[in-house]
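Observations on the three-dimensional arrangement
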There are 2 protein chains.
Amino acid sequence: MISHKKLEHFTKEVFTSLGIPNHVATVAAENLVRADLRGIDSHGVARLSGFVRLIKAGRINVNAKPNITYETASTATFDGDAGLGLYVANEAMKIAIQKAETCGSGWVAVKNSSHFGIAASHAEMAIGYDMIGMAMTNASPLVAPAGASEGYLGTNPICIAVPAGKYKPFLLDMATSAAANGKLEIAQRKNAPIPSGWAQTKEGDLTTYAHALKDGGSLLPLGSDIDHGYHKGYGLGAMVDILTGVLSGANFGAWVPPFVNFLDVKQSVGEGIGHFVGAWKVDAFQPASEFKARMDTWIEGVKGLKRNEGIEEVLIPGEPEYRFEEKRLKEGVPLNDKVVIDLENLAEELGLKFVA
Amino acid sequence: MISHKKLEHFTKEVFTSLGIPNHVATVAAENLVRADLRGIDSHGVARLSGFVRLIKAGRINVNAKPNITYETASTATFDGDAGLGLYVANEAMKIAIQKAETCGSGWVAVKNSSHFGIAASHAEMAIGYDMIGMAMTNASPLVAPAGASEGYLGTNPICIAVPAGKYKPFLLDMATSAAANGKLEIAQRKNAPIPSGWAQTKEGDLTTYAHALKDGGSLLPLGSDIDHGYHKGYGLGAMVDILTGVLSGANFGAWVPPFVNFLDVKQSVGEGIGHFVGAWKVDAFQPASEFKARMDTWIEGVKGLKRNEGIEEVLIPGEPEYRFEEKRLKEGVPLNDKVVIDLENLAEELGLKFVA
């Protein structure tokens, strides 16, 4: 167990030691460690060495000066200047919130960015302003459209954060694939089979082999097969790619650059990867206090439903993650042995100290 | 086969004969018949008698005067005045488009409305303005949240319409349940079993019995089970319910009134059913001509993918429906025998003529 503050501090040191300015490193470290706090271990400090590789390979600009390239009262296109997505998306969300404050809603399409961590850490910024926040990103093409046998879409998450009254916010943060890549990684570490419906081989056959992606296979969209509506998961992943990539001027589809620096960047149709963030101000639609009381009623309605056998509780989106957060804020973050070694190696490489 | 113009004409006559003003009946008829044109037979004139029952039961206000109750530069709350959703959502979309024209995006939450037909007929209004359109609605609680054994959400569709260049628009219109109710109805008519993963009994057991809903069962969210991510389908359906119902002031969750007039309306938490429509102006983010060329590249990327065995073509969302439309515009709409009898009975009841 390690305290999240210690993890944030180390992460920040790693970034500043590579030339990232202090204020950028602070935000980036907080957003990265939020994944560990929320129990999304695959997206937290486990990815820190990946960021370091990209920075060292010159694929992330440490002196990025993100800037608005197009703007209207309620929208903007934001050029991340090849900076850290963890920071760029945060800045974009600030713009969206400002616009929502003045004209009811704000939407920012981001190009020329990089991996932004978990979508929730950006969308939830809206909550404190009594706004509904949204965040999406595209990512490397691991997911095959319905009927295709090769990847074209990322796991392209959709996140929406909604304030409630006496309850925690509603916070949906979901990959549009049948399974997020993190779940596959868990199976890979254990050498365990994966459920049928998550992935296919490069020939397009269903597989339960967790390493199928390394052999040229691809992930399946939410729905998994035609009978269960995988054209819908494909459609949602495509929607995310269009808003984050096509609309912003970033790369999209097969052209989205990979997160890992040893994979070649394919021919480009835009700049970097893309995000799309936004906010609706609740007061623009009805008094926020009324809305939050209505959300409480909505939540209580779900909690009062009859449950399937063996189910102790029907959960609200975000509830499992808030429970992780509460626990880990108190008890610290449990790190996987491999991640500890990874961070120790990073510390040595950069002349820093890391004690788990 | 019957020409869509004839169907529109008859539908309009039905509405006007019940006291709906001419301009409202025109829009409503066009939107209803668009479902038949697009091959979504369950949502077209097959539902006309349902509308008539609701109007006769006083649950739809024929003299509705929809009006804005809250407004900012980029948002509005719209009170449908208990009017025909087919018309109310259309008016709401016009407001969204106007707002997007002046400040980049426009969002309208609609309360006190009724069934709006297919979401696509509203979202696609944005296309002609070089905008990206969205439309959602809530509906009677047939879908169980993940882990629950009773319905709380409607099939709550998400629709997004995106203009392209030389190709047809990208037009995703999907229920957030594993299967749309229309697909269930087809199996019911044939007395055929449904795939496991679409529905559960009132005890919460998976079932392949197409009539399970009538026996108190419920539909399952997209993803169908925990291994295949049905918490995501649940989360998306919930997002739609929050934006359309909680945010607008309409009913939500278990309180959404049923489309059929013989079912009792439960205690109310708002007014009527709710929609949420919106538009982003493409030019607010990048020149529309560039965007449309990029959409063409996106589409060509999908079309060039390797395909699974037995798959002739990877489809773009909306493509199957455009093919139906092209064919039915030329050849007419094939009507099910039961629907023909239904329309003939309606004609007799209202003193009109209907010849299939």
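This text follows the structure it describes.
Notes on the structure in this doc start here. No experiment lies behind these values; they were computed from the predicted model shown. (Residues numbered from 1 in each chain as written. Chains lettered and ligands numbered in written order. Predicted model: local features only at pLDDT ≥ 70, side-chain atom pairs only at ≥ 80, totals over all residues. Heavy atoms only, no water.)

1. So, a nonpolar patch on the surface
Residues and elements named next belong to chain A. On the surface, Val260, Phe262 and Leu263 cluster together into a nonpolar patch covering about 290 Å² of accessible area. Relative to the helices and strands, Leu263 is located in the loop between helix 7 (230–246) and strand 10 (273–281). In this structure Leu263 comes out as partly exposed when scored by relative accessible area, which is 41%. (Patch = residues over 30% accessible without salt bridge, like charges linked within 9 Å, V, L, I, M, F, W, Y side chains within 5 Å. Areas by Shrake-Rupley, 256 points an atom, 1.4 Å probe, with all protein chains shown as cover. Salt bridge = Lys/Arg side-chain N within 4 Å of Asp/Glu carboxyl O. Helix = DSSP H or I, 4+ residues; strand = E, 2+ residues; numbered from the N terminus. Buried < 20%, exposed > 50% of the residue type's maximum accessible area, 1.4 Å probe, protein only.)

2. Focus: the sheet that holds strand 8 (residues 206–207) of chain B
Residues and elements named next belong to chain B. Read across the open sheet, the three strands follow the order 8-7-9; overall the sheet is antiparallel. Either end of the sheet is taken by a strand with one partner, and the two such strands are strand 8 and strand 9 (218–219). For strand 7 (residues 199–200) and strand 8, the ladder comprises two bridges, and the chain directions are antiparallel. Across the sheet, Ala199 pairs through a bridge with Thr207, a residue of strand 8. (Pairing = 2+ DSSP bridges.)

3. Quick word on the interface of chain B and chain A
At the junction of the two partners, chain B supplies 94 residues and chain A supplies 94 residues. For the pairing of chain B and chain A, the buried interface totals around 7000 Å² over both sides, and the portion due to carbon and sulfur atoms is 64%. Inspection of the chain B/chain A interface yields zero salt bridges. Between the two partners, chain B and chain A, sit 44 residue pairs in polar contact (both at pLDDT 80 or more). At 13 residues, helix 7 (residues 230–246) of chain B tops the list of elements feeding residues into the side of chain B that touches chain A. Its residues assigned to classes, the side of chain B that touches chain A shows 54 nonpolar, 30 polar and ten charged. (Contact = heavy atoms within 4.5 Å. Buried area = accessible area lost by both parts, 1.4 Å probe. Polar contact = N/O pair within 3.5 Å; in protein donor to acceptor, adjacent residues only side chain to side chain. Nonpolar A, V, L, I, M, F, W, Y, C, P; charged D, E, K, R; others polar.)

4. Observations regarding the nonpolar core
Generally speaking, soluble globular proteins have nonpolar side chains that are buried together. Within the largest apolar cluster, 114 residues are counted, with the highest numbers of intra-cluster contacts made by Trp298 of chain A together with Trp298 of chain B. Among all residues touching Trp298 of chain B, those that are not within four sequence positions of it are Tyr152, Leu153, Tyr234, Ala238, Asp241, Ile242, Val246 and Phe252 of chain A together with Phe170 and Ile316 of chain B. Among the nonpolar cores identified, the runner-up in size contains 35 residues, and Leu7, Leu18, Ala28 and Ile55 of chain A belong to it. (Core = buried A, V, L, I, M, F, W, Y, C linked by side-chain atoms within 4.5 Å.)

5. Observations concerning the relation of the copies chain B and chain A
Superposing chain B onto chain A requires a rotation of 180° together with a translation of 0.0 Å along the rotation axis, leaving an RMSD of 0.0 Å. Such a turn and shift between the copies fits a two-fold axis. Taking C-alpha positions as the reference, the residue of chain B nearest the rotation axis is Gly223 of chain B, at 2.4 Å. (Least-squares fit on C-alpha atoms with pLDDT ≥ 70 in both.)

6. Examining helix 7 of chain A
Between its first and last C-alpha atoms helix 7 of chain A spans 22 Å; for 17 residues at 1.5 Å apiece the expected length is 24 Å, and the two agree. Counting buried positions along helix 7 of chain A yields 16 of 17 residues, so the element is predominantly enclosed. (Expected span 1.5 Å × (residues − 1).)

7. Some points on unusual backbone geometry
One non-glycine residue, Asn191 of chain A, lies in positive phi territory at about 50°. If you trace the backbone, Asn191 of chain A turns up in the loop between helix 6 (181–190) and strand 7 (199–200). Owing to a relative accessible area of 61%, Asn191 of chain A belongs among the exposed residues under this scheme. Here the phi dihedral of Asp130 of chain B falls at roughly 55°; this positive angle occurs in a residue that is not glycine. With respect to the helices and strands, the residue Asp130 of chain B is situated in the loop between helix 5 (120–123) and strand 4 (131–137). Classification of Asp130 of chain B by relative accessible area gives partly exposed; the value is 23%.

8. Describing the pattern of salt bridges
Residues and elements named next belong to chain A. A full pass over the atoms with the stated rule returns 34 salt bridges over all chains. The salt bridge involving Asp130 is made with Lys292; its shortest N-O contact spans 2.9 Å. With a gap of 162 residues between them, Asp130 in the loop between helix 5 (120–123) and strand 4 (131–137) and Lys292 in helix 8 (residues 288–303) connect regions that are remote in the sequence. Of the charged contacts, one joins Glu319 and Lys303 as a salt bridge, the two residues approaching to 2.7 Å between their closest N and O atoms. With Glu319 in helix 9 (residues 319–331) and Lys303 in helix 8, the pair connects residues that are 16 residues apart, well separated along the chain. With relative accessibility at 17%, the residue Glu319 sits in the buried group. One connected set of salt bridges, linked through shared partners, spans Lys303, Glu313, Glu319 and Arg323.

9. A word on the packing of helix 3 (residues 48–56) of chain A against helix 10 (residues 337–350) of chain A
Residue and element names in this part refer to chain A. At a minimum axis separation of 9 Å, helix 3 and helix 10 run at an interaxial angle of 35°. Each of Leu48, Ser49, Val52, Arg53 and Lys56 in helix 3 lies in contact with helix 10, whose residues at this interface are Asp342, Leu343, Leu346, Glu349 and Leu350. In terms of residue class, the contact of helix 3 with helix 10 is made up of five nonpolar, one polar and four charged. (Axes fitted to C-alpha atoms, helices over the stretch in contact; angles between N-to-C directions.)

10. Topic: the side chain of Glu325 of chain A
All names here are of chain A. The residue Glu325 is located in helix 9 in this model. At 3.3 Å, the side chain of Glu325 forms a polar contact with the side chain of Arg34. In this view, Glu325 contacts Arg34, Leu37 and Arg38; residues no more than four positions away in its chain are not counted.

11. Describing the environment of Ile132 of chain B
With respect to the element layout, Ile132 of chain B can be found in strand 4. Along the primary structure Ile132 of chain B and Leu153 of chain B are separated by 21 residues, whereas in three dimensions their C-alpha atoms are 26 Å apart. When near neighbours in sequence (up to four residues on either side) are disregarded, Ile132 of chain B contacts Leu243 and Leu247 of chain A together with Ala126, Ile160, Ala161, Val162, Pro163, Gly278, Ala279, Trp280, Val282 and Phe291 of chain B.

12. Considering the packing of helix 1 (residues 4–17) of chain B against helix 10 (residues 337–350) of chain B
All names here are of chain B. It is the contact of helix 1 with helix 10, at a shortest axis distance of 11 Å, that shows an interaxial angle of 40°. As far as their axial angle goes, helix 10 and helix 1 are oblique. For the crossing formed where helix 1 meets helix 10, the hand is left-handed. In this structure, helix 1 contributes Leu7, Phe10, Val14 and Ser17 to the contact, and helix 10 contributes Leu343, Ala347 and Leu350. Here the contact of helix 1 with helix 10 is built from residues that sort into six nonpolar, one polar and no charged. (Parallel < 35°, antiparallel > 145°, perpendicular 65-115°, else oblique. Left-handed = near helix turned anticlockwise from the far one by under 90°.)

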